[in-house]
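Results of the structural survey
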Amino acid sequence: MNPALPAAATRRPPWYLVLPAGAAAVGTVLPILYLILRALDAEPQQLATLILRSRNLVLFGNTIALTLGVLTACAVLALPLAWLTVRSDIKHKRLLTFMGVLPLAIPGYVMAYSLISLGGNYGFLARIFDWVVPRPRGYMGALAALTLYTYPYLFLNLRAAFLGLDPALEESSRSLGYTSMQTFLHVTLPHLKPAFLAGGVVISLYVLGDFGAVALMRFEVFSYAIYTQYSSAFNRVYAAWLSLMLLTMSLSVVLLEGRLLGRAKLARVATGVARKGRSVRLGWWRPATYLYLTLLFGASLGLPAVVLTYWLTLSPPSIEPLRFAGVFMRSAAASAPAAVVAGLFALPIAYIRIRYPSRISRTIERLSYVGYAIPPLALALAMVFFSLRSAPWLYQTLPLLVLAYSLNFLALAIGPIRSSLLQSSPRLEEAARSLGRTRFEAFVFTVLPSLRRGILAGMVLVFVIAMKELPITFLLAPTGYLTLSVSVFGRTSEALLAEAAPYAAAIVVFSSLFVGLMLKYEGRH
Amino acid sequence: MRFTIKPVSAMRLMSALLLISVVSVSGHAGGRAEQGPQFTLYSGRGESLVAPLIEEFEQETGIRVNVRYGGTAELAVLLQEEGDRSPADLFWGQDAGALGALSLSGFLQQLPAGITSGLPEIYRADGGTWVATSGRSRVLAYSPERVSSQEMPASVLDLTNERYAGRVGWSPTNGSFQAFVTAMRVELGEDATRDWLTAMRNNNAQAYRNNTALIEAIGAGEIDFALTNNYYLGRFLANDPDFPGAQTTFEAGDIGNLVNVASIGMLRTARNSEAALSFVRFLLDRNAQEYFTNEVNEYPVREDVEPNPTLARFEELLEISPIVDLDLLEDLEGTLQLLQETDLL
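Throughout this document, residue positions are counted from 1 along each chain, in the order its sequence is written. Chain labels run from A onward and ligand labels from 1 onward, assigned in the order the entries are written. In keeping with the model being predicted, local features are shown solely for residues with a pLDDT of at least 70 and side-chain atom pairs are shown and tallied solely at 80 or more, while totals for entire chains, interfaces and linings include all residues.

1. A look at the overall build of chain B
Quick reminder of the rule: To qualify as a helix, a DSSP run of H or I must reach at least 4 residues; to qualify as a strand, a run of E must reach at least 2; elements of each kind are numbered from the N terminus. Labels follow a simple rule on C-beta atoms placed from the backbone: if 20 or more others lie within 10 Å of a residue's own, it is buried; if 12 or fewer, it is exposed; otherwise it is partly exposed. Any two residues are considered in contact once their C-beta atoms, placed from the backbone, lie within 7 Å.
A count of helical and extended segments in chain B gives 12 helices and 10 strands. Per-residue burial over chain B gives 51% buried out of 345 residues. Pairs at least 24 apart in sequence give 77% of the contacts found in chain B among residues at least 6 apart.

Below is the structure:
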């Protein structure tokens, strides 16, 4: 019997879980409906030229190459870091973990911009060391920027997998005479597969949808073409077709993950408590490790920090503290409820998916992942379209903005909750039931407490990402509702970098604070 | 054991998130009913530049302005999606193209005749559905280190010459550039424009995301020339007087010297036209015009306001810029189609 299932797996899930999960699913379908509606506006003749453009093929190839490249590079960066922070005898593991997650707090355009401003005749290197290197651009530039701020997704997943891995397995392998390399390749790595897939799917969807870094690096992929269509064209039809093509790609990624994951059963089946593995001594590898860490954090954290500081020193920013505080509070006041709502949607979706697996629960979960890959502009326009037609009183209010954020970032909240669920045993719940508790009571008193960490991690992720969000905020925030990200954009797009710096710095500092808090509580085993 | 995670601390963080949520939602629930005259402005112009002006207007008139800031094109798309239900009264865009396209699809209403009278010809739209609030000219930015005076092109059309191969930057996705292409179609015709675009592409013109990126690329040494707007370089020089860039114009009357405009128009569905119109008048007034030229490095639309000393004199601007009827710049769609045909978009 699959240990993840309750005794009567065929039972239907309770209504109070189905309802929010179903609502979220409907929410993610809305933008797709909207895109189809817009796409159908096309005139047949125009359509043929748009779809059969040879340029689409180029975009397609670029998008795939970039996604695969970022996945590979993320794996190369994240795997050693995850191993070091769990298995090695390196010091300051907590701090290293924090630094490994921190790039999530950095807005993509700040990261890409930092890389760009390194090189060139008038870049940092040229001005400080008189050292002219070409500015990163195109494929390599986009690859570097995206990798540096998405690898934490994979790192978090791999780290969790290392923490949950039963050391008994590896010890058995070693005792059977395999070398540590063979053990790693044939025993450890296969057990990391679900973590690779979970992190990989989020990263792929992110790369498919990201616009900031590719635009700065001048690498043309689907998301860039979509943005260009919306932003220069008033041609919502071609944009809708491109978006639908992109969604097809996202859906393929999600389905592929499902297939690759297969029926792998990697949970510990033994009773008793998993021991913590013994720390591996780094020995002669220590210098190489330090070099790796220096390069990794120098690029992913040091660079953006230097650039932000440089902007701050360009001219002493004249900021009215009250105004700044207002902008800051508005950002927080939109992102925090979004985090909570996303958590409330994600919990039932993940729970039903794991405890009541069925075609429907799988579909709901996949839809929420696809929601993550819907171009934000399309999602926002869909919200405009539907709210004006069905609930005009909701239009341009904070609740609608919060709802749009939470639907867009739902997938981020589901991941950690799902991992916690997989690690918690359904037997506790069954025990509670057998002691006469109702299903609801059993859920609240046994399931919820064990998911606390996962829920919190998911909500913090959504919060941090929502703080940086731009296009949805532009279109859906209440009129006059200026947030940090809008303030940064308004200034950088007018080449007012010094004025933008305090707002960008506020996003980074505040988000890091939350990432730090999350890890602090997560670390308390 | 796993269960020993300190529940109190995690709960505290979670309740912090919840608390912010409750406060924010309840704080917003009652805040909608506003007293007194007000109107809603969708502004494609950046907040940092225009907010001081709007505040001044509010203090002067007691009219409250609800502003939604965003990209010019995004807001234009939003207005189209909102249709008749739009809460907006005014739309203020970075370029004539966005306003023109909205006007063409019937989203804007006629402004009172008195508003545009007295403005120079290059700033007037005959249709009268929108009005220029400031002017900016297209210029050729260049690197003084890598470009000699003999190399300066006389016309924007010369940039297809082999000697400029790979050295010129442009921004086909940018609104000001697209307005320039539209003007070129009006002046030189469809075929000549297509030929120029194709020749530029074949001459390996480098595409950048926007005007800021173009100036940066000159500084970085990636390109030697850039087709851009007049006021961006000024902002770089304000931050850093040593920035290695300069700019110039083409010969008098060349299409490359096009004067483009930031402009404002009133929505057909506007519900607060009186208050909105008083804002339009305020923007065309001396005071606001002086602000645009002195603080934002743009050209005033009134001849009686002296342009910022770093800009060309008004008469000089009128002399070198081609006279292109702003109304003809409405055909953004044709330009976009041309850019798609030439694989630039």
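2. Focus on the overall build of chain A
Short version of the rule: Values of the radius of gyration come from C-alpha atoms, whereas the globule rule sets the reference at 2.2 Å times the count of residues to the power 0.38.
Helices and strands together make up the secondary structure of chain A, namely 23 helices and 0 strands. The globule rule puts the C-alpha radius of gyration for 525 residues at 24 Å, and the 24 Å found for chain A is close to it. Projected onto its principal axes, the C-alpha coordinates of chain A cover approximately 60 × 60 × 50 Å. Buried positions account for 52% of the 525 residues belonging to chain A.

3. Overview of helix α7 (residues 138-164) of chain A
Using the following cut-off: The length a helix should cover is 1.5 Å for every residue beyond the first. Throughout, the bend at a residue refers to the angle made by two axes, fitted to the seven residues ending there and to the seven starting there.
Look at α7 of chain A: 39 Å from first C-alpha to last across 27 residues, which is about the 39 Å you get at 1.5 Å a residue. Helix geometry: α7 of chain A is bent most strongly at leucine 148 of chain A, by close to 40 degrees, with proline proline 152 of chain A lying one to four residues after it.

4. Remarks on the domain arrangement of chain A
All names here are of chain A. Keep this limit in mind: What marks off one domain from the next here is an automatic or database domain assignment. Just so you know the grouping, Ala, Val, Leu, Ile, Met, Phe, Trp, Tyr, Cys and Pro go in nonpolar, Asp, Glu, Lys and Arg go in charged, and all remaining residues, Gly too, go in polar.
Segmentation of chain A into domains returns domain 1 (9-37 + 317-525) and domain 2 (53-262 + 282-314). Computed from C-alpha atoms alone, the centre-to-centre distance between domain 1 and domain 2 is 22 Å. Listed per partner, the contact involves 33 residues of domain 1 and 34 residues of domain 2. Among the secondary structure elements, those contributing two or more residues to the side of domain 1 that touches domain 2 are α1 (15-39), α15 (359-373), α16 (376-390), α18 (410-423), α20 (439-468) and α23 (497-522). Ranked by the residues each element gives to the side of domain 1 that touches domain 2, the list is headed by α23, at 14 residues. Classifying every residue of the side of domain 1 that touches domain 2 gives 24 nonpolar, 7 polar and 2 charged.

5. Examining the pairing of strand β1 (residues 38-43) of chain B
Residue and element names in this part refer to chain B. Formally: Think of it this way: DSSP has to see at least two bridges between two strands before they count as a pair. Place the viewer so that the strands point away; then a crossover is right-handed whenever the path from the first strand over the helix to the second strand goes clockwise.
Where burial is concerned, most of β1 is hidden: 5 out of the 6 residues are buried. Pairing of β1 with strand β2 (residues 64-69), which is carried by 6 bridges, proceeds in the parallel orientation. Within β2, the residue paired with leucine 41 across the bridge is valine 67. In this fold, β1 hands off to helix α2 (residues 47-61), which returns the chain to β2; that crossover is right-handed. Bridging between β1 and strand β3 (residues 90-93) involves 3 bridges; their strand directions are parallel. Of the residues in β3, the one forming a bridge with serine 43 is tryptophan 92.

6. Thoughts on the domain arrangement of chain B
Residues and elements named next belong to chain B. For chain B, the domain assignment lists domain 1 (38-135 + 260-322) and domain 2 (137-258 + 335-341). Every element with two or more residues in the side of domain 1 that touches domain 2 is listed here: α3 (72-82), α4 (96-104) and α11 (314-320). Here the residues of the side of domain 1 that touches domain 2 sort into 8 nonpolar, 8 polar and 3 charged.

7. Let's talk about the pairing of strand β5 (residues 130-142) of chain B
All names here are of chain B. Among the 13 residues that make up β5, 13 are buried, leaving the element largely enclosed by the rest of the structure. Pairing of β5 with strand β10 (residues 259-267), which is carried by 7 bridges, proceeds in the antiparallel orientation. Across the sheet, residue serine 137 finds its bridge partner in β10, namely valine 259. Examined bridge by bridge, β5 and strand β8 (residues 225-229) share 5 bridges and lie antiparallel to one another. Residue pairing for β8: valine 139 is matched across the bridge by threonine 228. Here 3 bridges tie β5 to strand β9 (residues 246-248), and the two strands are oriented antiparallel to one another.

8. Description of the confidence of the model for chain B
All names here are of chain B. Defined as follows: Residue-level confidence of the predictor is summarised by pLDDT, bounded by 0 at the bottom and 100 at the top.
Averaged over chain B, the pLDDT score is 86; the fraction of residues at 70 or greater is 91%. This model gives residues 1-7 a pLDDT under 50, and the stretch forms 12 contacts once residues within four places in sequence are excluded. Between residues 29-33, whose pLDDT stays under 50, and residues either more than four places distant or in other chains, the model counts 0 contacts.

9. A closer look at unusual backbone geometry
All names here are of chain A. Residue histidine 92 is not a glycine yet carries a positive backbone phi of 55 degrees. By secondary structure assignment, the location of histidine 92 is in the loop between α3 (54-87) and α4 (93-101). Overall, the presence of 10 C-beta atoms within 10 Å leaves histidine 92 in the exposed class.

10. Details of α4 of chain B
All names here are of chain B. α4 sits mainly inside the fold: 8 of its 9 residues count as buried. Within α4, the full set of buried residues consists of Ala96, Gly97, Ala98, Leu99, Gly100, Ala101, Leu102 and Ser103. Directly beyond the C-terminal end of α4, a positive phi value near 80 degrees is found at glycine 106.

11. Brief notes about the packing of helix α5 (residues 175-188) of chain B against helix α6 (residues 190-202) of chain B
Residue and element names in this part refer to chain B. Operational definition: Inter-axis angles, ranging from 0 to 180 degrees, are taken between N-to-C directions of lines fitted to C-alpha atoms, where helices are fitted over the stretch in contact. Each angle receives one of four descriptions, namely roughly parallel if under 35 degrees, roughly antiparallel if over 145, roughly perpendicular if within 65 to 115, and oblique otherwise.
In contact at an axis separation of 7 Å, α5 and α6 are set at 135 degrees when each is read in the N-to-C sense. Compared by their axis directions, α5 and α6 come out oblique. Contacts from Val181, Met184, Arg185 and Leu188 in α5 reach Glu190, Ala192 and Thr193 in α6. Considering only residue class, the contact of α5 with α6 consists of 4 nonpolar, 1 polar and 2 charged.

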